[in-house]
Amino acid sequence: MPETTHVDYSTKIPNNVGLMDDQRVLKALEQWHPGYIDWWMTMGPEGFQTSDVYLRTAISIDPKGWAKFDYVKMPEYRWGILLAPRHEERQVNFGAHRGEKAWQEVPGEYRAMLRRLIVIQGDTEPASVEQQRFLGKTAPSLYDMRNLFQVNVEEGRHLWAMVYLLHKYFGKDGREEADELLNRRSGDADKPRMLGAFNEQTPDWLSFFMFTTFTDRDGKMQLESLAQSGFDPLSRTCRFMLTEEAHHMFVGETGVGRVIERTCQAMKEAGIEDADDIAAVRKLGVIDLPTLQKKANLHFSLSLDLFGSEVSTNAANYYNSGVKGRFQETRIEDDHLLTNATYPVSKLVHGQIKMVDEPALTAINMRLRDDYVADCAKGVERWNKAIEKAGVKYRLALPHVAFHRHIGEFQNVKASPGGEVLGDAAWAAQKDRWLPSKADGDFIESLMQPCWERGQFASWIAPPKVGIDNKAGDFEYVKIHQA
Ligand SMILES: [Fe+2]
Ligand SMILES: [Fe+2]
């Protein structure tokens, strides 16, 4: 069957890439499948594998009607391989090969590069499922529980998407890499996931909402730049993944927004004007805004590390080779070669944070990070609007890019959220004001009591404005059957 917008469900692996006619890849994927299910059963959402979850499944790549909703037991979710439609006239849009026809096969000279990019992207997908696997037990509502599981199954599908590329285009070493994607474990000392933020814990629901706001948004930026790739199957894969990714950021941003709404409402009812009166606010069974700020500081800074070094010859090579572009590459008005262009990079110069012009080619990571920061800032502004509307005097803000970094220019300095470079003593004295402390974690944990009654929500979070798939407020999003 040729590639279509409709998805073929007759094979074990739903797909729109004509797997039926590609026995080699179909067999390889069928061999990989049991290991995947095994991974899902041991590392996926714990305790809910036999519950019926109201999930959306991709059934088409037509943007107007790509998904359907129904009750599914997660291990029976139809993880499929879906690529956005192929455009015959598509070209390589940047770098040394600009103007050539987009590649349908991997160019030999860029094989290692492409494989590495695909493996790194692929590794993040199962990692987040692992990080989030215990959260179902403390879900603040069935609505939230369902959203968590939706994100989880889709991250599983994203893993499939990358594994398909490895099997289809990279032969034996592709198969080995696909197996390794099931062997690494988030946070494992011996075989950790590849990137730092994906080895951190997601211990509570506020972490989950911050993670989906900030770290899934890094995912969006990476997918956006891979969607520009001259390697067409990668581009098409990433374009379809982005439709799912939007929901993950929705879950995060509205999740934090609902926490804010509930906190402000409780403060108003209790007549508390001072948002910094943490003890008084916490007595109300809601999360104080300064703690939200600390959580945002943590997740934002960990996510910034995912962009790599500000100045990077790898990034320059990816770009020049046409394998990874910039955010919205085709909408940028320049030569798309960047041979003579410069780009301002924030750097540490003699102990001071300064903007320095660097060759734009080597500053590709910095540029993508800037686009990311601007995108994050819009989300924070929406949160601030909600605080303002509630009549509470407090503003959330993104910390400076030098704050709490482990990779790149600022990895060896301590800086305040305002961007002031600090000595070790000053940092140690104030760090608990800027990052979640043990006490903050204990408080949040104390609130993480399951709330699984239909239409009910935990004390610390407001209900959503509208239900998923326009369902009524008391809809049973998960029929819990605990294994
Ligand atoms: Fe993903
Ligand atoms: Fe995601």
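Our subject is the structure that appears above.
Going along each chain's sequence as written, the residues are numbered from 1 onward. Working convention: letters from A go to chains and numbers from 1 go to ligands, in the order in which they are written. pLDDT decides what is reported in this predicted model: residues at 70 or higher carry local features, side-chain atom pairs at 80 or more are listed and counted, and totals for whole chains, interfaces and linings draw on all residues regardless. Working from all heavy atoms in the structure, the side-chain values ignore hydrogens and water.

Participant: I'm lost on the pattern of salt bridges in this one. Help?
Facilitator: The term salt bridge refers to a side-chain nitrogen of Lys or Arg lying within 4 Å of a carboxyl oxygen of Asp or Glu. A full pass over the atoms with the stated rule returns 36 salt bridges. Here E46 makes a salt bridge to K137, at a shortest N to O gap of 2.9 Å. Within this pair, whereas E46 is found in the loop between α1 (23-43) and β1 (52-58), its partner K137 is found in the loop between α2 (111-131) and α3 (142-169), the two being separated by 91 residues in sequence. You can call E46 partly exposed: its relative accessible area is 30%. The partner of D123 in a salt bridge is R193, with the nearest N and O atoms 2.9 Å apart. Highlighted residues: D123 in helix α2 and R193 in the loop between α4 (171-183) and α5 (205-226), separated in sequence by 70 residues. Note on classification: 1.4 Å probe, protein chains only; a residue is buried when its accessible area is under 20% of the maximum for its type, exposed when over 50%, partly exposed between these limits. Here D123 falls in the buried class, since its relative accessible area comes to 2%. In this structure R193 comes out as buried when scored by relative accessible area, which is 2%. Through salt bridges with shared partners, a single network forms among D123, E130, R184, R185 and R193. Each helix is a run of DSSP H or I of at least 4 residues and each strand a run of E of at least 2, with the numbering of both proceeding from the N terminus.

Participant: Would you take a moment to explain the coordination of the iron ion (ligand 2) for this structure?
Facilitator: Between any two of four tetrahedral donors, the ideal angle at the metal is 109.5 degrees; between two of six octahedral donors, it is 90 or 180 degrees. The rule for donors is simple: an N, O or S atom within 2.8 Å of the metal counts, and for Na, K and Ca the reach is 3.2 Å. Water is not among the atoms, so a site may look short of donors. The protein atoms that coordinate the iron ion (ligand 2) are E155 (OE), D216 (OD), E245 (OE) and H248 (ND1), at distances spanning 2.0 to 2.2 Å. Taken together, the four donor atoms surrounding the iron ion (ligand 2) define angles of 88 to 171 degrees at the centre, an arrangement classified as irregular. Here the donor residues of the iron ion (ligand 2) share one chain and are spaced in sequence as E-x60-D-x28-E-x2-H. Separating the iron ion (ligand 2) and the iron ion (ligand 1) is a distance of 3.5 Å, and E155 donates to both of them. Here E155, found in helix α3, pairs with D216, found in helix α5; they are 61 residues apart in sequence, far enough to count as distant. Summarising the burial analysis for this pair, E155 and D216 share the class buried. Geometry assignment treats four donors as tetrahedral when all angles are between 85 and 135 degrees, treats four as square planar and six as octahedral when opposite donors are over 155 degrees apart and all others between 65 and 115, and treats everything else as irregular.

Participant: Whenever I open this one, helix α10 (residues 364-389) confuses me. Can you help?
Facilitator: Working note: α-helix, 3.6 residues per turn, so residues spaced by three or four point in the same direction. Multiplying one less than the number of residues by 1.5 Å gives the expected span of a helix. The end-to-end C-alpha separation of α10 is 38 Å, in line with the 38 Å expected for 26 residues at 1.5 Å each. Two residues or fewer after α10 comes G391, characterised by a positive phi angle close to 80 degrees.

Participant: I tried to follow the coordination of the iron ion (ligand 1) on my own but got confused; where do I start?
Facilitator: The coordination sphere of the iron ion (ligand 1), as far as protein atoms go, consists of E125 (OE), E155 (OE) and H158 (ND1), spread over 2.0 to 2.2 Å. Each donor residue of the iron ion (ligand 1) belongs to the same chain, and together they define the spacing E-x29-E-x2-H. Among the residues examined, E125 registers a relative accessible area of 3% and is labelled buried.

Participant: I'm lost on the environment of E176 in this one. Help?
Facilitator: Along the chain, the position of E176 falls in helix α4. Along the sequence, E176 and L166 sit ten residues apart, while their C-alpha atoms lie 8.9 Å from each other. Identification of polar contacts relies on pairs of N or O atoms within 3.5 Å, with a donor-acceptor requirement for protein atoms, meaning one able to donate a hydrogen and the other able to accept it, and with residues adjacent in sequence counted only if both atoms are side-chain atoms. At 2.9 Å, the side chain of E176 forms a polar contact with the side chain of K172.

Participant: Whenever I open this one, the sheet that holds strand β2 (residues 67-73) confuses me. Can you help?
Facilitator: Strand pairing in a sheet relies on backbone hydrogen bonds. The paired strands run either parallel or antiparallel. Strand order in the open sheet made by the three strands is β2-β1-β7, with antiparallel pairing throughout. Looking at strand neighbours, the two that pair on one side only are β2 and β7 (478-479), the edges of this open sheet. DSSP calls a pair of strands paired once it identifies at least 2 bridges connecting them. Bridge count for β1 against β7 is two bridges, and the pairing is antiparallel. What sits directly across from D52, in β7, is K479. Lying over the sheet, α3 contacts β1, β2 and β7, oriented at roughly 45 degrees with respect to β1. Residues are treated as being in contact if the distance between any of their heavy atoms lies within 4.5 Å. Here an axis means a line fitted to C-alpha atoms, over the contact stretch when the element is a helix, while the angle between two N-to-C directions is reported on a 0 to 180 degree scale.

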